[in-house]
Amino acid sequence: MKRVAIVGGGVAGLAAAYELAQQTHNGASLQVVLFEASTRLGGIIETVHEGEFVIECGPDAWVTEKPWARELAEELGLGDEVMPSNDATRKTYVLVDKKLQAMPDGMRMMVPVDLDALDASEMFSAAAKRAYREEVGRAEQLRADAPDEDESVAEFIRRHFGEEVLTKIGAPLLSGVFGGDVSKLSVRAVMTPFVAMEREHGSLIVALQARAGAKKHSVFTTLRSGMGTLVDRMIAAIPEDWIRLAAEVQFVSCGDEGWLVGTARGVERFDAVMMAAPVDVACSLLKPVDAEMAPLMEMEASSAVVVAFGFPGATKFPVPPGFGFLVPPGSDSLLLAATFVDQKFEDRVPQGGRLVRAFFGGKAAERLMRCRNDETAAVARMELARILGPLPEPQVTVVRRWPRSLPQYAVGHLKRMKKLDERVSALDGLSLLGNGYRGVGVPDLIRDARVAARRIAGANKDLAGVAEL
Ligand SMILES: CC1=C(CCC(=O)O)c2cc3nc(cc4[nH]c(cc5[nH]c(cc1n2)c(C)c5CCC(=O)O)c(CCC(=O)O)c4C)C(CCC(=O)O)=C3C
């Protein structure tokens, strides 16, 4: 009988517990305890249902290209619930000179697939459009000059497309996608496919055009009843007596007799510890176990404040067609971004309704973290109104704060993770899960947790199965 402790009941910890439960059905002999410090499971995944409004407090979807969340949903009997974003009406705006400007059609992040659509766009100056076109001609040079070392996302974009593209869409995209600063984020960690494209083709535009014709799918996928259903279904598939709420782990230690995990209620022995707590918590718990691990786990993290407003009548609050907008760093708006939820997904609002989510990040989020809900909502309404025009009285308002929820993968992240992996493998039975290490997306967290759980259950003799995950 192997005893496994899971520290943290967010999506990573739950996916680990779910996979261990599957392995016990396959005959593995396991005793599992999942320790969750708070009184609810799911971490930053939380769906609130208010009347017919389906309001996501955290991630509203996953990136379709990464299959591991959809696979899990299907396994959990949620195949009918899987729902693509409305990509026929997909458009993303960026706030430029106080006005919303549509990003050109056919962009993948900041790279255009369709150069004609780019030409038709009003977003860029003639010089920036020229810089895009010239990137194609510089393919050979870009490939030859591809750096051997990691660099910042800013340096990477600047080398390919110049300063205007970097400030107009590079920076806002990365702060909307990774909540972070382009001059600090690691291109190898957060834009891995683009780095591979540079190695192969030099030009990113050429690389994307070579792949054009690949099957088209929506950018995002979610569940009709909300992301919270994924959490609920995992919980339902985990033995009830494995889960302990309000059970904050106060220390872990590792010795000859295995691992000890201590909470206010006592100390228990385990053979394996799956550390799925936020990276800050994981870092302070593991410092006494291996002091050299801690500096590798210390990283900046961005905080987010989410304010959702539901309105009964969309016509009383017109917004431009599309999914939402991003705000470049340094703009005079306090917002980080906003999503027009009822246009991005079906079935989020009562007939004819409107649902908008406003996001604050960076310093604005740090400040709002200390404000009351009504104050935060008032700031969000004011900031939205400055961009979209006057807002009617919302029928529903939801405010959520997620302090230090998105770790920043800084330049050199992959090397740091390699060193961290070495320290981890030196300690028998430890695995690190969650968004601090090998990817921030919900699918990455699920995949990572399930691979680790299979390894612990001894199921990875079947390495093919692990690779499939
Ligand atoms: C506030 C915020 C955070 C939290 C920040 C924080 O907590 O500090 C966040 C996180 C994330 N966003 C992510 C991915 C993406 N976000 C996009 C687009 C957008 N993000 C927006 C907002 C946010 N996004 C908005 C308003 C848009 C455009 C309109 C819309 O669609 O609502 C696009 C499409 C880009 C394009 O159009 O090309 C992608 C691929 C991933 C990674 C997932 C993975 O790696 O698996 C993560 C963690």
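In the nomenclature of an unreviewed UniProt entry, the protein chain is known as Coproporphyrinogen III oxidase of Tunturiibacter lichenicola. Per UniProt, the comment on the protein chain under Subcellular location (unreviewed entry) is "Cytoplasm". Listed under Function (unreviewed entry) in UniProt, the entry text for the protein chain is "Involved in coproporphyrin-dependent heme b biosynthesis. Catalyzes the oxidation of coproporphyrinogen III to coproporphyrin III."

**Overview of the site of the ligand**
Lining the immediate environment of the ligand, one finds 26 residues, of which K66, R90, G176, V177 and T339 sit closest. In the model, an oxygen atom of the ligand is placed 2.8 Å from a nitrogen or oxygen of the K66 side chain. Within the side chain of K344, a nitrogen or oxygen atom sits 3.0 Å from an oxygen atom of the ligand. A total of 920 Å² of accessible area belongs to the ligand in isolation, and the protein chains cover 85% of it. For the shell around the ligand, the elements supplying multiple residues, two or more each, are α7 (163-178), β17 (301-311), β18 (324-326) and β19 (337-340).

**Overview of unusual backbone geometry**
Of note, the phi angle at A246 is positive, near 50°, even though the residue is not glycine. By the secondary structure assignment, A246 is in the loop between β12 (243-244) and β13 (251-255). You will see that R404, though not glycine, has its phi angle at about 45°, which is positive. Looking at the secondary structure, you find R404 in strand β21 (residues 396-407).

**A word on the sheet that holds β12**
The strands that make up a sheet pair up through hydrogen bonds in the backbone, lying either parallel or antiparallel. One open sheet accounts for five strands, arranged β12-β2-β1-β16-β22; its pairing is parallel. A strand with exactly one partner marks an edge of an open sheet, and here the two such strands are β12 and β22 (430-432). In this structure, strand β1 (residues 2-7) lies alongside strand β2 (residues 30-35), joined through six bridges in parallel fashion. Looking at β2, one finds that R3 is bridged to Q31. On top of the sheet, helix α12 (residues 279-286) reaches β1, β16 (272-275) and β22; it is set at about 145° to β16, its chief contact.

**Let's talk about the pattern of salt bridges**
Throughout the structure, instances matching the rule amount to 37 salt bridges. Here E46 and R400 are joined by a salt bridge, their closest N and O atoms 2.8 Å apart. With E46 in the loop between β2 and β3 (47-50) and R400 in strand β21, this pair connects stretches of sequence that are 354 residues apart. On the basis of relative accessibility, which here comes to 24%, the residue R400 falls in the partly exposed class.

**Some thoughts on the nonpolar core**
By size, the foremost hydrophobic cluster in this structure holds 56 residues, and its most contacted members are M110, Y132, I169 and L174. For this core, the element with the most residues is α7, which contributes seven residues. The contacts of I169, once residues within four sequence positions are left out, are V94, M103, M107, M109, M110, M123, F124, Y132 and E164. Counting 43 residues, the second largest nonpolar core, distinct from the first, contains A16, Y18, V231 and A449.

**Examining the pairing of β19**
Alternating residues of β19 divide into A337 and T339 and A338 and F340, and every residue in both groups is buried. Judged from the three bridges that link them, β18 and β19 form a sheet pairing that is antiparallel. If you follow L326 over to β19, its bridge partner there is A337. Where β19 and strand β20 (residues 354-360) come together, four bridges link them in antiparallel fashion. Residue A338 lies in a different strand from β20, and its bridge partner there is A358.

**Examining the layout of surface pockets**
Taken as a whole, the second largest pocket spans an internal volume of roughly 490 Å³. In terms of lining residues, the second largest pocket is bounded by 21 residues, among which V424, G429, L430, S431 and R455 are the most central. Where the lining of the second largest pocket is concerned, the elements lending two or more residues are β13, β14 (258-263), α17 (413-426), β22 and α18 (442-456). For the lining of the second largest pocket, the per-class residue count stands at 10 nonpolar, four polar and seven charged.

**Examining helix α4 (residues 126-137)**
For α4, built from 12 residues, the straight-helix expectation of 16 Å at 1.5 Å per residue is met to within 8% by its first-to-last C-alpha distance of 17 Å. Buried within α4 are the following residues: A128, K129, Y132 and E135. All buried residues of α4 fall inside an arc of 110° around its axis, so they share one side. Summarising the geometry of α4, the exposed residues directed more than 90 degrees from the buried face are A126 and G137.

**Regarding empty space enclosed by the protein**
Taken as a whole, this structure holds two cavities of 30 Å³ or more when the rule is applied. Volume-wise, the largest cavity comes out at about 50 Å³. Around the largest cavity, the lining residues are A146, P147, E149, E151, V187, R188, V195, E198 and R199. For the lining of the largest cavity, the secondary structure elements donating two or more residues are α8 (187-190) and α9 (192-201). In terms of residues, the lining of the largest cavity owes the most to one element, α9, which gives three residues. Per-class residue counts for the lining of the largest cavity are four nonpolar, no polar and five charged.

**A look at the pairing of strand β15 (residues 266-270)**
Two strands pair when backbone bridges link them, and β14 and β15 are joined in this way by five bridges, in the antiparallel orientation. Bridge assignment links G262 to a residue of β15, and that residue is V267. Connecting β14 to the next strand, β15, in antiparallel fashion are two residues.

**Structural notes on the packing of aromatic side chains**
Note on aromatic pairs: each is described by the distance of the centres and the angle between the planes. Summed over the entire model, instances satisfying the criterion amount to seven aromatic pairs. For the ring pair F124 and Y132, a centre distance of 5.6 Å and an interplane angle of 80° mean the geometry is edge-to-face. Pairing F220 with F323 gives two aromatic rings, centres 6.4 Å apart and planes at 45°, and the pair type is tilted. Of the two residues, F220 sits in strand β11 (residues 220-223) while F323 sits in the loop between β17 and β18, which places them 103 residues apart along the sequence. Following the ring pairs from residue to residue traces out a cluster consisting of F124, Y132 and F161.

What counts and how
Residues numbered from 1 in each chain as written. Predicted model: local features only at pLDDT ≥ 70, side-chain atom pairs only at ≥ 80, totals over all residues. Heavy atoms only, no water. UniProt positions renumbered as here; feature names shortened; annotations may be inferred. Near = heavy atom within 4 Å. Polar contact = N/O pair within 3.5 Å; in protein donor to acceptor, adjacent residues only side chain to side chain. Areas by Shrake-Rupley, 256 points an atom, 1.4 Å probe, with all protein chains shown as cover. Helix = DSSP H or I, 4+ residues; strand = E, 2+ residues; numbered from the N terminus. Pairing = 2+ DSSP bridges. Contact = heavy atoms within 4.5 Å. Axes fitted to C-alpha atoms, helices over the stretch in contact; angles between N-to-C directions. Salt bridge = Lys/Arg side-chain N within 4 Å of Asp/Glu carboxyl O. Buried < 20%, exposed > 50% of the residue type's maximum accessible area, 1.4 Å probe, protein only. Core = buried A, V, L, I, M, F, W, Y, C linked by side-chain atoms within 4.5 Å. 1 Å grid on protein atoms, 1.4 Å probe; cavity = no way out; pocket = protein on both sides within 12 Å on 5 of 7 lines; lining within 4 Å. Points joined across faces, edges and corners; volume = space filled by probe spheres on them. Nonpolar A, V, L, I, M, F, W, Y, C, P; charged D, E, K, R; others polar. Expected span 1.5 Å × (residues − 1). Arc of directions from axis to C-beta. Phe/Tyr/Trp six-rings, centres within 6.5 Å; stacked < 30°, edge-to-face > 60°.

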